[in-house]
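Single-letter residue listing:
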Amino acid sequence: MRDALIEKAASFLKEGLLVSFPTETVYGLGADASNETAIRRLYQAKGRPSTHPVIVHVHSLDAVRNWAVDIPPEFFKLAESFWPGPLTMVLKRANSVLNAVTGGQDTVALRIPKHPIALALLEAFGGGLVAPSANKFGRLSPTLAQHVIDEFKDEVAMVLDGGPCNVGIESTIINLSGGRPRILRPGMISVDMLSSVIGDVEAPANSVTHATNAKNALAQVVATDTASDTGSDIRVPGALASHYAPETPLHVVPSHDFYSFLEECAKNNRRVLVVSFKPQHSGFEPSSWITLAQEPEEFARQIYGALRLLDKRNGDLIVVESPPDKDTGWSGIHDRLSRAAFRE
Ligand code: TXA
Ligand code: MG
């Protein structure tokens, strides 16, 4: 797509406007990483606090030296194995990097995305692009152009449509700015994949969701309804920072508890929406039950879109069957589900 649309998108970006573009992970909301006004516009559109750092997307390895200093050997090994790809590396920042990019920290996050449209855009633009996921702060990341259009309408100059994202959840982030390499955000490039290239890697704190048992989870939902009835909005999921959350309360329930949980909900007349590995259960409409694949790659590709669809159905709660927790291939997915899950 190195064509008129890409050229137009690049010229909007040079003017300081926002352009959404597809990456292999999720759609990004792009702005010129060296234009403070553009970045301010971006934060405003997302409704994101300005102290949160953003990832700089670059076209090639050579460009990294414009953004980072004291680059360790692990960086080059990982770049060789995983770039372009769904891996973001945090390095010591170069002096010239704007505080608006780093959130005032002394590090900068960098990534070469693996998507032909993203790469063509970066090449035509010729510089670095900051691109947080193109969703409002705290909401689910978009994996289709339509998701971005639904959320941003007139706030972006252009949305480049690259079809569905192939990875489906955000990149793995690893900190290489000093000390032991450490995963800051798990993703589809797992700790095992990283350590097979550079040896020792510190995994994130265990983020597997320990779902409450059926009765407790249901009690939480009932309690929330009561809370909103009395005018308190403090428990509205998604109003809390760092949730990648649908508006409907979401619960992750272990496989062995799954049917008893659904029965408990039915007894309480709760309208439940389901994401499961199991086929649609009798008593559920097709539109309220989504069966996903047992493979983490396919599950990741579909989960955000599935949650967005269910979120439109006006249910009382979304119930997700917990994926296996032994295999590190699922850890990015567990992380996102636990962030999306409703908490008191
Ligand atoms: O897959 C992705 O990474 C997508 C696509 C569009 O590239 N982008 C994305 O960006 O997920 P965003 O802004 O939604 O998430 C960026 C994450 C945040 O959690 C932020 O805290 C972290 O990167 N981050 C950015 N700069 C950092 C830094 N210097 N040190 C530590 N974390 C940083
Ligand atoms: Mg995001």
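Residues numbered from 1 in each chain as written. Chains lettered and ligands numbered in written order. Predicted model: local features only at pLDDT ≥ 70, side-chain atom pairs only at ≥ 80, totals over all residues. Heavy atoms only, no water.

**Thoughts on the overall build of the chain**
Counting its secondary structure elements, the chain contains 11 helices and 14 strands. For the chain, the residues scored as buried account for 56% of the 344 residues in total. Across the chain, the fraction of contacts at a sequence separation of at least 24, relative to all contacts at a separation of at least 6, is 67%. (Helix = DSSP H or I, 4+ residues; strand = E, 2+ residues; numbered from the N terminus. Buried < 20%, exposed > 50% of the residue type's maximum accessible area, 1.4 Å probe, protein only. Contact = heavy atoms within 4.5 Å.)

**Observations concerning a negative patch on the surface**
Where like charges cluster on the molecular surface, the negative patch consists of D192, E295, E297 and D327. Along the chain, D192 falls in helix α7 (residues 191–198). (Patch = residues over 30% accessible without salt bridge, like charges linked within 9 Å, V, L, I, M, F, W, Y side chains within 5 Å. Areas by Shrake-Rupley, 256 points an atom, 1.4 Å probe, with all protein chains shown as cover. Salt bridge = Lys/Arg side-chain N within 4 Å of Asp/Glu carboxyl O. Lys, Arg positive; Asp, Glu negative; His and termini not counted. Charge placed at Lys NZ, Arg CZ, Asp CG, Glu CD.)

**Observations regarding the site of ligand 1**
Taken together, 21 residues are adjacent to ligand 1, and T25, R48, H57, S171 and R185 come closest. Within the contact set of ligand 1, an oxygen atom lies 2.8 Å away from a side-chain nitrogen or oxygen of R48. Here S133 contributes a side-chain N or O atom positioned 3.0 Å from an oxygen atom of ligand 1. When the free accessible area of ligand 1 is taken as 680 Å², the share hidden by the protein chains comes to 87%. Contributions of two or more residues to the shell around ligand 1 are made by β3 (55–57), β6 (107–111) and β10 (182–185). Looking at which element gives the most residues to the shell around ligand 1, the answer is β6, with four residues. (Near = heavy atom within 4 Å. Polar contact = N/O pair within 3.5 Å; in protein donor to acceptor, adjacent residues only side chain to side chain.)

**A word on the pairing of strand β12 (residues 272–276)**
The buried fraction of β12 is high, at five of five residues. Residues V272, V274 and S276 point to one face of β12 and L273 and V275 to the other, with burial holding for every one of them. Relative to strand β14 (residues 317–321), β12 runs parallel, the two being bridged by four bridges. For V275, the partnering residue across the bridge sits in β14 and is V320. Bridge count for β12 against strand β13 (residues 289–291) is three bridges, and the pairing is parallel. Counterpart to S276 in the pairing with β13 is T291. (Pairing = 2+ DSSP bridges.)

**Quick word on the packing of aromatic side chains**
Counting across every chain of the model gives eight aromatic pairs. Taken together, a centroid distance of 6.4 Å and an interplanar angle of 65° make the contact between F258 and Y259 edge-to-face. Classification of F258 by relative accessible area gives buried; the value is 0%. You can call Y259 partly exposed: its relative accessible area is 33%. On the basis of an interplanar angle of 40° and a centroid distance of 5.6 Å, the ring pair of F277 and F299 is categorised as tilted. One end of the pair, F277, is in the loop between β12 and β13; the other, F299, is in helix α10 (residues 296–311), and 22 residues separate them in sequence. For the pair F277 and F299, one class covers both residues: buried. Here a set of aromatic residues connected by ring pairs shows up, and it is made of F258, Y259, F284 and W289. Across from the ring centre of Y244, 5.7 Å away, lies the NZ or CZ of R336, which sits over that ring. (Phe/Tyr/Trp six-rings, centres within 6.5 Å; stacked < 30°, edge-to-face > 60°. Lys NZ or Arg CZ within 6 Å of the ring centre and 35° of its normal.)

**Concerning helix α9 (residues 258–267)**
When α9 is considered as a whole, its buried residues turn out to be F258, F261, L262, E264 and C265. With its buried residues spanning 160° around the axis, α9 presents them on a single face. Across α9 from its buried face, at more than 90 degrees, point the exposed residues E263, A266 and K267. Count one or two residues on from α9 and you reach N269, which has phi positive near 55°. (Arc of directions from axis to C-beta.)

**Section: the side chain of S338**
Here S338 lies in helix α11 (residues 331–340). Of the polar contacts made by the side chain of S338, one reaches the backbone oxygen of D335; its length is 3.0 Å.

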